[in-house]
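What follows is each chain in one-letter form.
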Amino acid sequence: MAYSDKVLDHYNNPRNVGSMDKSSPDVGTGMVGAPECGDVMKLQVKVNPETGVIEDAKFKTFGCGSAIASSSLATEWLKGKTVDQALEIKNTDIVNELALPPVKIHCSVLAEDAIKAAIGDYKSKKTGALKPEAVAVH
Amino acid sequence: MKLPIYMDNHATTRMDPRVFEVMKPYFLEIFGNAASRNHSFGWEAEEAVEKARKQIADLIGATPKEIVFTSGATESNNLAIKGIAEMYAERGNHIITQATEHKAVLDTCKRLEKEGVRVTYLPVKTDGLIDLDQLRDAITDKTILITIMYANNEIGVVQPMAEIGKIAKEKGVLVHSDGVQAIGKIPVNVNKDGIDVLSLTAHKLYGPKGVGALYVRRRNPRVQITAQMDGGGHERGMRSGTLNVPGIAGLGAACEIANREMVEETKRLRFLRDKLKDRLMNDLDEVYINGSWEHRLPHNLNISFAYVEGESLLMGINDIAVSSGSACTSATLEPSYVLKALGAGDDLAHSSIRFGIGRFNTEEEVDYVGNKVAEVVKKLRELSPLYEMAKEGVDLSKVSWTAH
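Owing to the predicted nature of the structure, the values given are computational and were not obtained by experimental measurement. The numbers attached to residues start from 1 for each chain and follow its sequence in the written order. By the order in which they are written, chains take letters starting at A while ligands take numbers starting at 1. Only residues with pLDDT of at least 70 are given local features in this predicted model, and only at 80 or more are side-chain atom pairs given and counted; all residues enter the totals for whole chains, interfaces and linings.

Chemist: What is the right way to read the overall build of chain A from this model?
Modeler: The secondary structure content of chain A amounts to 5 helices and 3 strands. Of the regular secondary structure in chain A, the N- to C-terminal order runs α-β-β-β-α-α-α-α. When we talk radius of gyration, it's over C-alpha atoms, and the globule rule is simply 2.2 Å times the number of residues to the 0.38. In terms of overall size, chain A behaves like a compact globule, its C-alpha atoms giving a radius of gyration of 15 Å where 138 residues would be expected to give roughly 14 Å. Along the first, second and third principal axes, the C-alpha set of chain A runs to 50 × 30 × 25 Å. Strands here are runs of E lasting at least two residues and helices are runs of H or I lasting at least four, both read from the DSSP assignment and numbered beginning at the N terminus.

Chemist: How do you make sense of helix H3 (residues 40–60) of chain B when you look at a structure like this?
Modeler: Residues lying three or four places apart along an α-helix face the same way, a consequence of the helix completing one turn every 3.6 residues. All names here are of chain B. Its 21 residues give H3 an end-to-end C-alpha distance of 31 Å, which sits within 8% of 30 Å, the value for a rise of 1.5 Å per residue. Labels follow a simple rule on C-beta atoms placed from the backbone: if 20 or more others lie within 10 Å of a residue's own, it is buried; if 12 or fewer, it is exposed; otherwise it is partly exposed. Listing the buried residues of H3 in full gives Ala45, Ala48, Val49, Ala52, Arg53, Gln55, Ile56, Ala57, Leu59 and Ile60. Here contacts are defined at the residue level, using C-beta atoms placed from the backbone and a cut-off of 7 Å between them. Contact partners of the buried residues in H3: helix H2 (25–28), strand E2 (67–70), strand E7 (197–201), strand E8 (212–216) and helix H8 (245–283). With its phi angle positive at about 70°, Gly61 sits one or two positions after the end of H3. Helices are assigned an expected span. That span is 1.5 Å times one less than the residue count.

Chemist: Would you mind showing me how to read the nonpolar core here?
Modeler: All names here are of chain B. By convention the nonpolar core is taken to be a set of buried residues drawn from Ala, Val, Leu, Ile, Met, Phe, Trp, Tyr and Cys and joined through C-beta atoms within 7 Å. Formed by 153 residues in total, the largest nonpolar core has its most connected members in Ile60, Tyr215, Ile248 and Ala254. Among the elements that take part in this core, H8 stands out by supplying 13 residues, more than any other. Source of the domain bounds: an automatic or database domain assignment. Counting contributing residues, this core receives three or more from each of domain 1 (5–9 + 262–394) and domain 2 (17–258). Those residues in contact with Tyr215 that sit more than four places away from it in its chain are Ile60, Ala62, Glu66, Ile67, Val190, Val197 and Leu198.

Chemist: I'm lost on the sheet that holds strand E13 (residues 352–356) of chain B in this one. Help?
Modeler: Across a sheet, paired strands are connected by hydrogen bonds in the backbone, their directions being either parallel or antiparallel. At least two bridges found by DSSP between two strands is the condition for calling them paired. Within the open sheet, the 4 strands sit side by side as E9-E10-E13-E12 (chain B). Their pairing is antiparallel. Of all the strands in the sheet, the pair left with one neighbour each is strand E9 (287–289) and strand E12 (323–324) of chain B.

Chemist: What am I meant to see in unusual backbone geometry here?
Modeler: When glycine is set aside, most residues are seen to have a negative phi, and most peptide bonds are trans. Residue and element names in this part refer to chain B. Cis peptide bonds are those with omega within 30 degrees of zero, and the linkage from Leu3 to Pro4 qualifies with -5°. With respect to the helices and strands, the residue Pro4 is situated in the segment before strand E1 (5–6). Even without glycine at this site, Glu235 takes up a positive phi of about 50°. Locating Glu235 in the fold gives a position in the loop between E8 and H8. At Glu286, a residue that is not glycine, the phi angle is positive and equals roughly 50°. Relative to the assigned elements, Glu286 resides in the loop between H8 and E9.

Chemist: What's the story with the domain arrangement of chain B in this structure? I'm lost.
Modeler: One frequently used descriptor of interface size is the decrease in accessible area upon assembly of the parts. Residues and elements named next belong to chain B. Assigned domains within chain B: domain 1 (5–9 + 262–394) and domain 2 (17–258). Taken together, the contact pairs 18 residues of domain 1 with 21 residues of domain 2. Of all the secondary structure elements, the ones that give two or more residues to the side of domain 1 that touches domain 2 are strand E10 (300–305) and helix H10 (337–341). Polar here means any residue outside two lists: the nonpolar Ala, Val, Leu, Ile, Met, Phe, Trp, Tyr, Cys and Pro, and the charged Asp, Glu, Lys and Arg; Gly therefore counts as polar. Its residues assigned to classes, the side of domain 1 that touches domain 2 comprises 5 nonpolar, 10 polar and 3 charged.

Chemist: Would you mind showing me how to read the pairing of E7 of chain B here?
Modeler: On a regular strand, one side chain projects to one face of the sheet and the next to the other, so that they alternate. Residue and element names in this part refer to chain B. Most of E7 sits inside the fold, with 5 of its 5 residues counted as buried. Burial of the side chains of E7 extends over both faces: Val197, Ser199 and Thr201 are buried on one face and Leu198 and Leu200 on the other. Summarising the sheet, strand E6 (residues 174–178) and E7 pair through 3 bridges and their orientation is parallel. Bridge assignment links Ser177 to a residue of E7, and that residue is Leu198. The pairing of E7 with E8 spans 5 bridges and is classified as antiparallel. Pairing of Leu198 across the sheet is with Tyr215, part of E8.

Laid out in structure tokens, this is it:
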């Protein structure tokens, strides 16, 4: 199977690889997938608590080239968006941007799930910090 | 050194130029039908076929009359298993095979199950070998056939055929073996190994694609097989169809070369394979060999690089042709059933790479492959959240993953 140029570019030069302190109140961490399924994505966002804007995003992915490219692309898109804008990123946007074939659509779904999980984690930390009794809502 | 490097010799092999030379005249000059009995065109073709029959027989310790030509090992396996099930239906309806067989055997057995044949699929141990006590226990008075591959196409594990043959003989059960990966690579002898029916194909031993053979024992016992294709009754009535004379000449030549050069070639391939293994294992942590190291083909290395997904590794070594047990490289999106059968866990199957070193690989190529693979594994581990967690001391088996 041939890979699109954009997938190859992200695979060869992945953007924003790394990890941030997951215990920091400004950092949201999402980890989705499972090793036995062949895909695990960890995506982190660092949010400015004043503005709600994502200032930094990092990822690490165990998975095929398309999964690596999907998460790399997601970190690029996340930076500069507010958390609410970030939740509007759809897996189909990733499919279109990377020209993923049908068998690789699940990689984009996983990336969308990772974004939602990371934002959700950040939001629950925030509500938790303000109203400790509300943590159970998540 | 030329790129890309081909190191997927369990899938197929490049034809040996010496084999090609032998085949050449049978396309344009000696084009007769080997079944034409009344002119020299036919006689010359027949002569080539009979020469090949002897070359094949010599490689496996058989006699030429015991060789039936086919289109390849898939056909040989189908013919052997279905042909025996049909011929011996009155004696019994039970076949024993094992979990890591090639699909040409497993799916043939599954089809027979639909027709009322009972099939036992023996599990394999973590080293990929079958348990001989389990084999013995599985045999009933209805068992007509044991079909166990000589060596596995993914992990290269070599089954104890001689012991299997002995057990079968005690119980009066026939033995078929898919010998595709073993023949021409390690010594195979139908008498010493107690094999009654043996499948082989040319393209795995530096011969052409589209031609294979089935050894069918004629004495002690005389094995009979019901033909699975109707026609002119070629090959002693077992396989109709005009013989592929150029292909057969090529198969014969490939067997003769393998027979003559096996000892030296094995030594060279084992050296290269071991060098590659040592290169990778000395440099990288958490690298696992899949299947028995001791009972293994000399040119096979099947290895899992923990925390690295196989397809992404293949992507990084795209100037090297190898294969992976990762789900992402299979049409079914399931990881290798062979590796799963070893019980190592799906995650190691996703991380596996199969190297098959062959006659035309050089030491320079092996060094290049070792360096490149190690480099890409390190890069992908930098990217792997699992590697990071493992380094932090997290027990990955205790994490509750969000199944996807």
